[in-house]
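Spelled out, the chains give:
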Amino acid sequence: MLKMTHLSKVYRTEVVETYALRDFNIDVKEGEFVAVTGPSGSGKTTFLTIAGLLETFSGGEYHLDGIEVSNLNDNARSKIRNEKIGFIFQAFNLIPDLNVFDNIEVPLRYRGMKAAERKQRIMDSLERVGLASRAKHYPAELSGGQQQRVAIARALAGSPRLLLADEPTGNLDTQMARSVLELLEDIHREGATIVMVTHDPELAARAQRNVHIIDGQVVDLSEDPRFHTVHAVDEAHG
Amino acid sequence: MQIKPILAALRHHKAGTILVALQIALTLAIVCNALFIIRQRLVHLSEPSGVDEASLFVIYNGWADQAATMQFDAQVRTDLAALRQLPSVRNAAPASSCPLCGDGDDVPVMLAPDQTQWIADPAMYAGDEQLLDTLGVKLVAGRNFRADEIGKMGSRDFTVPPVVIVSRTLADRLFPRGEALGKPIYMMSNTPSTIIGIVDRLQRQNVGGWTRPYAYQSMLWPMRPVSSQGLYYIVRAKPGQLAAAMREAPKALYAEDRMRIIDPEHGTLSFAEVRRRIYDSDLGMAILMGLISVVLLAITAAGIVGLTSFWVGQRRKQIGVRRALGATRRDILGYFLTENLLIGLGGVLVGTVLAIGINLWMVTQFEMARLSLAYVMTGVVALLLLGQGAVLGPALRASRVSPVEATRSV
């Protein structure tokens, strides 16, 4: 589903080159629930933005759902984001001027979907996250947990092949975090592929597989507790 | 189209939206009316006076010493003979004033000696039997003055002539059924004056606001002005010889008698210059209103650019989220263009009502003409295009916002 091989991301200035990811290898199979962990500045978010086609990478290969994405133009990348990827952000990223219904409708409109189908999908996804009665509410009228559920509904409404979650419980209290996590687990059990970036070990433990990143590279914790670097493709599934 | 969510979003930015829409509305209302007035003024100042403007020039001749009326009359006759003999001159005539010259007399006209309310207040040009040919006005009915009908008009005289020639507009005003020729009229006197001729078109001396509806109501009196205050010599040059005639005529007059005053700079004016001077304020007003319109349009465009730029900056994260959710650059560009179009449509809707309202008010207050809907429609299209043009820059900047903005914490 998601395969990065020898991928690198370099930020260049006139005097210095900074590697955010270096010889980065990961392979996420369809239906997996992978937690990507690592300390601040390790490259987790860079990995997520590249995985979500939010930014380009400097070298290596990236196959998403069988498509090599490095040479795609902006429009093609937008189309893949819209059709294959569902995003769940730490800050929910709902549009404050739109109500819940309209927020979920945003990606469906970009897909050019007909109004009736949009409505059906929106109501289905709201049912799924238990917020069908809040369709006309604005984000500011919802709790943090409810907002994140709306964000999940927005991600699910487009039936994506891959769910990318960036610290999905980072802005929530324990109880709300638990309910959001349970929702993600339910979604995973129903067959979704989920890649979740988190620095919360407890959260990571709930995932099917953990991938740890340090200094822009994947580290296999099971082989070396001192976090030595692995250059081969990560094969430790499950 | 994503009109519904855009409208939903605009409801959360009421202040900015209403301000820009109002700015568009006011600009439309003011610019439409301003352009309409400008157009009217331009039409007004290019309206033909009825005289042979290309060949005419006027000399304002003042007298340097006071003399008896008879002496002035003799001098005027001598002057005219001298002018008419010039090889570059076709004809010349004395006149108390001339069309568009700015000063002169109006004479209230009644149809009966005991009438107290005048029917018309036309401009009056006193001159001799050559005035008609000199001006080049077209006689459409009746006859010209005969030489034996020409009297004298001094500064203190008020002798009503027995015959007059009127403009067609005045004739129609006095006798709407078209039977003016041969009819008597009364001009502040119990003595009637008979209309012996009708000329096609002859504009007044002045073009001020109140005179506009009566611009072509004028009449000719068969009287040589022999006032000590001076007179106009109207000179019609032969084709292509206007400049030569303008040089020769004052010299010829001074050669006859040096006891006269002809301003070396402004005493001899071509009719084109006479026209330019009288319409100076109209042209100035048209230019001023044009400038105000341009400034207003620029301010509106700047307002749209400013607000959209502010919104783009404010919604940077939101744009990033939209891009992350699959919006293409074109989608983002379209979003801001559509948003501006919706605000613009609201603005022009209110602006149309305002434009028509302002015009109706001016129609009742200042006797202005009704605003043509073509102006409103042109204004609507122009303002919508201006809005789209103004928003294009900020919208393009918005479309270049990277989807990675969605992951930024601020």
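If you're wondering where the values come from, they're calculated on a predicted model, not measured in any experiment.

1. Things to note about the overall build of chain B
- Along chain B, the regular secondary structure elements total eleven helices and 13 strands.
- Structurally, chain B occupies a C-alpha span of about 100 × 50 × 35 Å along its principal axes.
- Sorting the 410 residues of chain B into buried and exposed places 51% on the buried side.
- Within chain B, contacts between residues separated by at least 24 positions form 82% of all contacts whose residues are at least 6 apart in sequence.
- On chain B, roughly 18700 Å² of surface is accessible, and the fraction owed to carbon and sulfur atoms is 61%.
- Looking at chain B, you have 41 positive and 32 negative side-chain charges, and the mean spots of the two groups are 17 Å apart.

2. Section: the overall build of chain A
- In terms of regular secondary structure, chain A is built from seven helices and ten strands.
- By the compact-globule yardstick of 18 Å for 238 residues, chain A fits well, its C-alpha radius of gyration being 18 Å.
- Each of the three principal axes of chain A carries a C-alpha extent, and together these read 50 × 40 × 35 Å.
- Residues counted as buried form 56% of the 238 residues belonging to chain A.
- Sequence-distant contacts, at least 24 apart, represent 70% of the contacts inside chain A between residues at least 6 apart.
- Each charge class in chain A can be summarised by its mean position, and for the 27 positive and 34 negative side chains these summaries are 6 Å apart.

3. Let's talk about the interface of chain A and chain B
- Each partner contributes residues to the interface: chain A has 24 residues there, and chain B has 25 residues.
- Overall, the association of chain A and chain B removes approximately 2300 Å² of surface from exposure, summing both partners, and the carbon and sulfur fraction of that is 56%.
- When the buried surface of chain A facing chain B is broken down by residue, A:D97, A:R109 and A:Y110 rank first, second and third, together holding 29% of it.
- Remark: the boundary between chain A and chain B carries three salt bridges.

4. Side note on the side chain of B:N33
All names here are of chain B.
- Its location among the elements puts N33 in helix α2 (residues 14-45).
- What makes N33 buried here is its relative accessible area of 3%.
- Within the structure, the side chain of N33 is placed 2.9 Å from the backbone oxygen of A29, a separation counted as a polar contact.
- Among the polar contacts made by the side chain of N33, one reaches the main-chain carbonyl oxygen of A355 at a distance of 3.1 Å.
- Beyond its immediate chain neighbours, meaning those up to four positions away, N33 contacts A355, I358, N359, M362 and L371.

5. A short note on the sheet that holds strand β4 (residues 59-64) of chain A
Residue and element names in this part refer to chain A.
- Read across the sheet, four strands follow the order β2-β1-β4-β5 without closing on themselves; strand pairing throughout is antiparallel. The sheet is open, and its two edges are formed by β2 (17-28) and β5 (67-68), each paired on a single side.
- Here strand β1 (residues 2-12) runs beside β2; their pairing, made up of eight bridges, is antiparallel. Residue pairing in the sheet places L7 in a bridge with F24 of β2.
- Packing against the sheet, helix α1 (residues 44-51) makes contact with β1, β2 and β4, and its axis sits at approximately 115° to β1.

6. With respect to unusual backbone geometry
- Despite not being glycine, A:D65 has its phi angle at roughly 50°, a positive value.
- Checked against the element boundaries, A:D65 lands in the loop between β4 and β5.
- A:D65 gets classed as partly exposed once you look at its relative accessible area, which sits at 22%.
- Backbone geometry at B:L100 places phi at a positive 70°, although glycine is not the residue there.
- Mapped onto the secondary structure, B:L100 falls in the loop between β2 (89-95) and β3 (105-106).

7. Notes on the sheet that holds strand β6 (residues 85-88) of chain A
Residue and element names in this part refer to chain A.
- Strands sit in the order β6-β7-β8-β3-β9-β10 across an open sheet of six strands; the sheet is mixed. With partners counted over all chains shown, the strands left at the sheet margins are β6 and β10 (217-219), one partner each. Ignoring strand direction, the axes of neighbouring strands in this sheet form an average angle of 25°.
- Both β6 and strand β7 (residues 162-166) contribute to a ladder of four bridges, which runs parallel.

8. Focus: the state of the cysteines
All names here are of chain B.
- Applying the stated criterion to the full structure yields one disulfide over all chains.
- The disulfide partner of C98 is C101, and the S-S distance across this bridge is 1.7 Å. Of the two residues, C98 and C101, neither departs from the other in class, the shared state being buried.

9. Describing the domain arrangement of chain B
- When cut into domains, chain B gives domain 1 (3-45 + 281-407) and domain 2 (65-258).
- For domain 1 of chain B versus domain 2 of chain B, the separation of C-alpha centres amounts to 54 Å.

10. What about a nonpolar patch on the surface?
Residue and element names in this part refer to chain B.
- Taken together, the side chains of I18, L22, L26, I30, M285, L288, I292, L349, V350 and L354 make up a nonpolar region of the molecular surface, amounting to roughly 850 Å² of accessible area.
- Going through the elements one at a time, α2, α8 (280-314) and α10 (329-366) are the ones with two or more residues in the nonpolar patch.
- Broken down by element, the residue count for the nonpolar patch peaks at four residues, all from α2.
- Along the chain, the position of I18 falls in helix α2.
- Under the relative-accessibility criterion, I18 is labelled partly exposed at 47%.

Cut-offs used in this document
Residues numbered from 1 in each chain as written. Chains lettered and ligands numbered in written order. Predicted model: local features only at pLDDT ≥ 70, side-chain atom pairs only at ≥ 80, totals over all residues. Heavy atoms only, no water. Helix = DSSP H or I, 4+ residues; strand = E, 2+ residues; numbered from the N terminus. Buried < 20%, exposed > 50% of the residue type's maximum accessible area, 1.4 Å probe, protein only. Contact = heavy atoms within 4.5 Å. Areas by Shrake-Rupley, 256 points an atom, 1.4 Å probe, with all protein chains shown as cover. Lys, Arg positive; Asp, Glu negative; His and termini not counted. Charge placed at Lys NZ, Arg CZ, Asp CG, Glu CD. Rg over C-alpha atoms; globule rule 2.2 N^0.38 Å. Buried area = accessible area lost by both parts, 1.4 Å probe. Salt bridge = Lys/Arg side-chain N within 4 Å of Asp/Glu carboxyl O. Polar contact = N/O pair within 3.5 Å; in protein donor to acceptor, adjacent residues only side chain to side chain. Pairing = 2+ DSSP bridges. Axes fitted to C-alpha atoms, helices over the stretch in contact; angles between N-to-C directions. Disulfide = S-S within 2.5 Å. Domains from an automatic or database assignment. Patch = residues over 30% accessible without salt bridge, like charges linked within 9 Å, V, L, I, M, F, W, Y side chains within 5 Å.

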